[in-house]
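So the chains spell out like this:
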Amino acid sequence: MKRLFKWLAIVVVILGGVFLLLRTPDTDPAAMKAKYGGSPSQFVDLGGGLTVHLRDEGPRDAPVLVLLHGSNADLHTWQAWTRKLSGKFRVIRYDQIGHGLTGPNPAGGHGPAAMVEVLERLRTKLGLEQFALAGNSMGGGLAARYASTHPQHVSALILVDAAGAPRKAGGGRGNIGFTLAAMPGVNLLAQSITPRSLVERSLSQSVSNKTVVTPAAVDRYWELLRYPGNRAATMERFSAKREPFTAQDLARITAPTLILWGQEDALIPVSDAQFFAQGIKGSKVRIWPGIGHLPHEEAAEASAAEVDAFLSSQR
């Protein structure tokens, strides 16, 4: 028995040493805000301990466009669209709860309902009565859900490789980061062990245009994922039960809708574009050949021009 305890102790010490060796600690909030939260960033207090990292650019009297990033991304993913569109539109983008410099939700909960609630609180705080709403991936699913539940506030809707279709609508190949985040047990380890190489591989698997996978982009994803509380929020989201849209949900969307998709999206298959197109009356679809999950980055100029033309036609 003593021998058994001795070997167990050795195993525990070895495992503890391996854990300490591989552990990637949280980043320092002050350092992250200095690096990613400079001008024109704002930190908007929504009450209840929640402060949202936001950028609000363009003429204040122009039509408003709100941009919602995808899972494990942040407001910087919209940099090219903002540069292209903020001369004509007031472009607002922010880090969603559990992401970027906003960090975790003090009230708990990081699912679609909580994110819709935060968007509505932000709309009220900024005094926005009507606005165009665009989102990519998780943000696209959120945009569609907000447009379905608050149709009176959405003047136009843009879905970019949006999440939320039933699984039977397609079966994307996925990527290693999202796969691990959904695995019980493994996702607990991922809250402490998140190597940069894993983040780089995950981003690379999401896109077809590999030029967007720059060292600076990988650093940003990796560092902001490790912003205190964001990894735990990510694992919470991935372990939650999916709530796909129903035909009734999409039928409640009344805003003119543009659906943009990358033909080679490995995360959310292009067949899902047709699910949204069939469910949202009068919607228009644009498929980008040779592009993956992030058309707003992979085909930044062309996709921004498409959005410009679409929104201008609604005025």
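Figured I'd write up the structure that's included with this text. (Residues numbered from 1 in each chain as written. Predicted model: local features only at pLDDT ≥ 70, side-chain atom pairs only at ≥ 80, totals over all residues. Heavy atoms only, no water.)

### Quick notes on the overall build of the protein
The criterion, for reference: Put simply, DSSP marks the helices as runs of H or I at least four residues long and the strands as runs of E at least two long, and each gets a number from the N terminus on. Working definition: with a 1.4 Å probe on protein chains only, accessible area under 20% of the residue-type maximum means buried, over 50% means exposed, and in between means partly exposed. Note on definitions: a residue-residue contact is assigned when non-hydrogen atoms from the two residues lie within 4.5 Å.
Per the secondary structure count, the protein includes 14 helices and 8 strands. Buried residues in the protein amount to 52% of all 315 residues. For the protein, long-range pairs separated by at least 24 residues make up 75% of all intrachain contacts whose partners lie at least 6 apart in sequence.

### Concerning the pattern of salt bridges
Quick note on the threshold: Salt bridges are defined by distance alone: a side-chain nitrogen of Lys or Arg within 4 Å of a carboxyl oxygen of Asp or Glu.
If you walk through the whole model with that rule in mind, you get 12 salt bridges. The salt bridge involving Asp308 is made with Lys88; its shortest N-O contact spans 2.9 Å. One end of the pair, Asp308, is in helix 14 (residues 300-313); the other, Lys88, is in the loop between helix 3 (79-85) and strand 4 (90-94), and 220 residues separate them in sequence. Accessibility expressed as a relative area gives 17% for Asp308, which makes it buried. Classification of Lys88 as partly exposed rests on a relative accessible area of 35%. Notably, a salt bridge pairs Asp249 with Arg252, separated by 2.7 Å at the nearest N-O pair. Ionic contacts of the salt-bridge type, sharing partners, join the residues Asp56, Arg60 and Arg90 into one network.

### Describing the environment of Ala302
Along the chain, Ala302 falls in helix 14. Placed 14 residues apart in sequence, Ala302 and Trp288 show a C-alpha to C-alpha distance of 9.6 Å.

### Here we look at the packing of helix 4 (residues 112-126) against helix 5 (residues 138-149)
Cut-off, in case you're wondering: Comment: axis = line fitted to C-alpha atoms, over the contacting stretch for helices; angle = value between 0 and 180 degrees taken between N-to-C directions. Put simply, angles under 35 degrees are roughly parallel, angles over 145 are roughly antiparallel, angles from 65 to 115 are roughly perpendicular, and the rest are oblique. The crossing is said to be left-handed when, going from far helix to near helix, the turn is anticlockwise and less than a right angle, and right-handed when the turn is clockwise. Note on residue categories: nonpolar means Ala, Val, Leu, Ile, Met, Phe, Trp, Tyr, Cys or Pro, charged means Asp, Glu, Lys or Arg, and polar means any other residue, Gly included.
Between helix 4 and helix 5, whose axes approach to 10 Å, the crossing angle comes to 65 degrees. Taken together, helix 4 and helix 5 sit at an angle that is classed as roughly perpendicular. Crossing hand, helix 4 versus helix 5: right-handed. Residues Pro112, Met115, Val116, Leu119, Glu120 and Arg123 of helix 4 form the contact with helix 5, whose participating residues are Met138, Leu142, Arg145, Tyr146 and Thr149. When the residues that make up the contact of helix 4 with helix 5 are grouped by side-chain class, the tally is 7 nonpolar, 1 polar and 3 charged.

### Overview of unusual backbone geometry
Cis rather than trans, the peptide bond between Ser39 and Pro40 has omega equal to 15 degrees. Within the fold, Pro40 resides in the loop between helix 2 (29-36) and strand 1 (41-47). The backbone phi angle of Ser137 is positive, close to 55 degrees, even though this residue is not glycine. Tracing the chain through its elements places Ser137 in the loop between strand 5 (131-136) and helix 5. For Asp161, which is not a glycine, the phi torsion comes out positive at approximately 50 degrees. Summarising the element assignment, Asp161 is placed in the loop between strand 6 (154-160) and helix 6 (176-181).

### Details of the packing of aromatic side chains
Applied cut-off: Note on aromatic contacts: the rings of Phe and Tyr and the six-membered ring of Trp form a pair at centre separations within 6.5 Å, being stacked when their planes are under 30 degrees apart, edge-to-face when over 60 apart, and tilted otherwise.
One pass over the structure, following the stated rule, counts 5 aromatic pairs. Ring centres 5.0 Å apart and planes at 45 degrees place the aromatic pair Trp78 and Trp81 in the tilted group. As far as burial versus exposure is concerned, Trp78 and Trp81 are alike and both buried. Taking the centre distance of 5.9 Å and the plane angle of 40 degrees together, the rings of Phe131 and Tyr146 count as tilted. Of this pair, Phe131 sits in strand 5 while Tyr146 is found in helix 5, placing the two residues 15 residues apart along the sequence. Like Tyr146, Phe131 is buried. Taken together through their ring pairs, the aromatic side chains of Phe245, Trp261, Phe275 and Phe276 make up a single cluster.

No statement about biological role is implied by the geometric values presented.
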